[in-house]
Amino acid sequence: MDKLVIRGGRPLRGTIAASGAKNASLPILAATLLAPGEHKVSRLPDLMDTSSMLSLLGRIGCPSLVGPTVRIDTSRVSFNEAPYDLVRKMRASILVLGPLLARCGEAHVSLPGGCAIGVRPIEQHLKGLEALGCVFELDGGYVHGRVDRLRGADFRFDITTVTGTENVMMAAVLAEGTTILRNAACEPEIVDLAGFLGGMGARITGAGTPTIVIDGMPALRASRKAWAILPDRIESGTYLAAAAITGGDVTVLGADPDDLAPVLEVLRRTGTEIELRPDGVRAFRTGPILATDVDTQPHPGFPTDMQAQVMALLSLADGTSVIRENIFENRFMHAAELHRLGARIEIAGNTATVTGSPSLRGATVMATDLRASASLVLAGLAAHGTTEVLRLYHLDRGYERLEEKLGALGADVFRAAEGRPVEAARAV
Ligand code: EPZ
């Protein structure tokens, strides 16, 4: 396994480009199953998760050709199963359930199981698809789904769920009649998926609001135009937080200030200056990091995917901050690792009390999940001395060309095999 070796204490300065959003890419790739033909997607980020989804599509009989524009040929679906060995690597594989049912009338998808941040149930996905006429049986760790004809329905989610909204919306586009999804998630990635589906001939209104209306179509077709994935707001927010924590000055080209609004609002409260530019968003800090309280909420609230990164920033603030994680039940795994770097964080249930320290000191830390590892990298960039972040595969799931982008901003980082001592590795 790889580790990232960081020699901290250097302010990050410069300009990098935002990659396409991981959490828009995954549902959009799954959506290609809804219409036979060659689909084209540009700005698809080169991540472990997007590779996993392309492998899953390949396993289903839909090969892809990667390049600046990725081409996915969904002319034939020869296998309507998402096997455990793929799903266990990427729980978002559940996103092929709705499209496979709509395309084939039958689907067998391994239950994703839990992960480091929580149990991650999918009952809302199944209830929404059942409302459209699907029938499910859970057996042997798999969801076995069948549907004769998808029919439009008026369905309210009990819980706001991003991939649940996406799964049901993707099935509804081929249902007979109109579907109304209430208490739907409003994340920008859902708007991007709706745009991609619109390019295939789907009729969707209200994406990005809690009520989405879908007029089902008898068939869809692959768009002739390539769909450009929207910029990744979490990746962008992570690099803007890197500028804040190191006292640097970073511009993220292509970052969307509207999608980032709740993140920018919190960064401003920490004393970070934010400049909205025609080509992107700039963050820089000249004064101290200020303490502030943060509550994670569904969009347009502060995103849970930025909670760990902001916790790292607040561990160096003047004063005490309170962070409440309202989305996932176990998303403070990074706190124990930040503690090893000198952070002072007390956890009580879903609340973390962060008492700011004047500085952090480098140490070896363990990544536990994607965003937790990002927070450890941020802390290592600010810490005095060398930090080694182990189990780098967590980061590779969601951050494209991480060390290249950090290096372009002046960070002293390099990737090495976990077993190799730093000096030997650095000598390479
Ligand atoms: C999506 O996960 C994102 N993943 C997550 O990003 C993100 O953290 C999350 O939304 C919240 O914004 C992708 O888009 C691929 P949810 P998802 O269903 O859809 C509960 C990252 O780091 N729930 O919105 O799985 C659930 O347990 C990842 O990029 C049910 O109880 O999240 C959670 O507490 C991590 N029953 C809450 O709802 C269900 O049927 C929100 O989960 C579904 C969800």
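Residues numbered from 1 in each chain as written. Predicted model: local features only at pLDDT ≥ 70, side-chain atom pairs only at ≥ 80, totals over all residues. Heavy atoms only, no water.

Visitor: I keep staring at the site of the ligand and nothing clicks. Help me out?
Guide: If you check the shell around the ligand, you find 21 residues, and the closest are Gln124, Thr161, Thr163, Asp305 and Ile327. Side-chain polar atom of Lys22 to an oxygen atom of the ligand: 2.9 Å apart, as the coordinates give it. Here an oxygen atom of the ligand and a backbone polar atom of Gln124 are 2.8 Å apart. Contact with the protein chains hides 87% of the accessible area of the ligand, taken as 830 Å² for the molecule alone. Broken down by secondary-structure element, the contributors of at least two residues to the shell around the ligand are helix H1 (22-31), helix H5 (123-131), helix H6 (162-172) and helix H12 (370-382). For the shell around the ligand, the leading source of residues is H5, giving three residues. In the shell around the ligand, the residues fall into eight nonpolar, seven polar and six charged. Taken together, domain 1 (2-19 + 231-427) and domain 2 (22-228) each give at least three residues to the shell around the ligand, which thus spans both. (Near = heavy atom within 4 Å. Polar contact = N/O pair within 3.5 Å; in protein donor to acceptor, adjacent residues only side chain to side chain. Areas by Shrake-Rupley, 256 points an atom, 1.4 Å probe, with all protein chains shown as cover. Helix = DSSP H or I, 4+ residues; strand = E, 2+ residues; numbered from the N terminus. Nonpolar A, V, L, I, M, F, W, Y, C, P; charged D, E, K, R; others polar. Domains from an automatic or database assignment.)

Visitor: I would appreciate a short explanation of helix H2 (residues 48-60) in the present structure.
Guide: The terminal C-alpha atoms of H2 lie 18 Å apart, and with 13 residues this matches the ideal 18 Å at 1.5 Å per residue to within 8%. Listed in full, the buried residues belonging to H2 are Asp49, Thr50, Ser52, Met53, Leu54, Leu56, Leu57 and Ile60. Following H2 by one or two positions, Gly61 adopts a phi angle in the positive range, close to 110°. (Expected span 1.5 Å × (residues − 1). Buried < 20%, exposed > 50% of the residue type's maximum accessible area, 1.4 Å probe, protein only.)

Visitor: Looking at this model, I keep getting lost on the domain arrangement of the protein. Mind explaining?
Guide: When the parts come together, some accessible area is lost, and that loss is often what is quoted as the size of the interface. Here the protein is described as being made up of domain 1 (2-19 + 231-427) and domain 2 (22-228). Its C-alpha centre places domain 1 at a distance of 30 Å from the equivalent point of domain 2. Taken together, the contacts link 23 residues of domain 1 with 20 residues of domain 2. Of the roughly 1800 Å² buried at the junction of domain 1 and domain 2 (both faces included), carbon and sulfur atoms supply 55%. Ranking the residues of domain 1 by area buried against domain 2 places His299, Arg397 and Glu400 at the top, with a combined share of 31%. The tally of links from domain 1 across to domain 2 stands at two salt bridges. Summed over the shared surface of domain 1 and domain 2, the number is seven residue pairs in polar contact (both at pLDDT 80 or more). Those elements giving two or more residues to the side of domain 1 that touches domain 2 turn out to be H12 and helix H13 (393-396). Of the residues in the side of domain 1 that touches domain 2, the class split is seven nonpolar, five polar and 11 charged. (Contact = heavy atoms within 4.5 Å. Buried area = accessible area lost by both parts, 1.4 Å probe. Salt bridge = Lys/Arg side-chain N within 4 Å of Asp/Glu carboxyl O.)

Visitor: Before we go on, may I ask you to explain the sheet that holds strand S7 (residues 106-110) in this structure?
Guide: Where strands meet in a sheet, backbone hydrogen bonds hold them as pairs that are either parallel or antiparallel. Here we have four strands laid out as an open sheet, ordered S6-S7-S9-S8, and mixed in their pairing. Strands with a single pairing partner mark the edges of an open sheet, and in this sheet they are strand S6 (81-82) and strand S8 (135-139). Pairing of S7 with strand S9 (residues 142-146), which is carried by five bridges, proceeds in the antiparallel orientation. Residue Ala107 lies in a different strand from S9, and its bridge partner there is Gly145. The strands touched by helix H4 (residues 97-104) within the sheet are S6, S7, S8 and S9, with S7 carrying the most contacts at an inclination of about 160°. (Pairing = 2+ DSSP bridges. Axes fitted to C-alpha atoms, helices over the stretch in contact; angles between N-to-C directions.)

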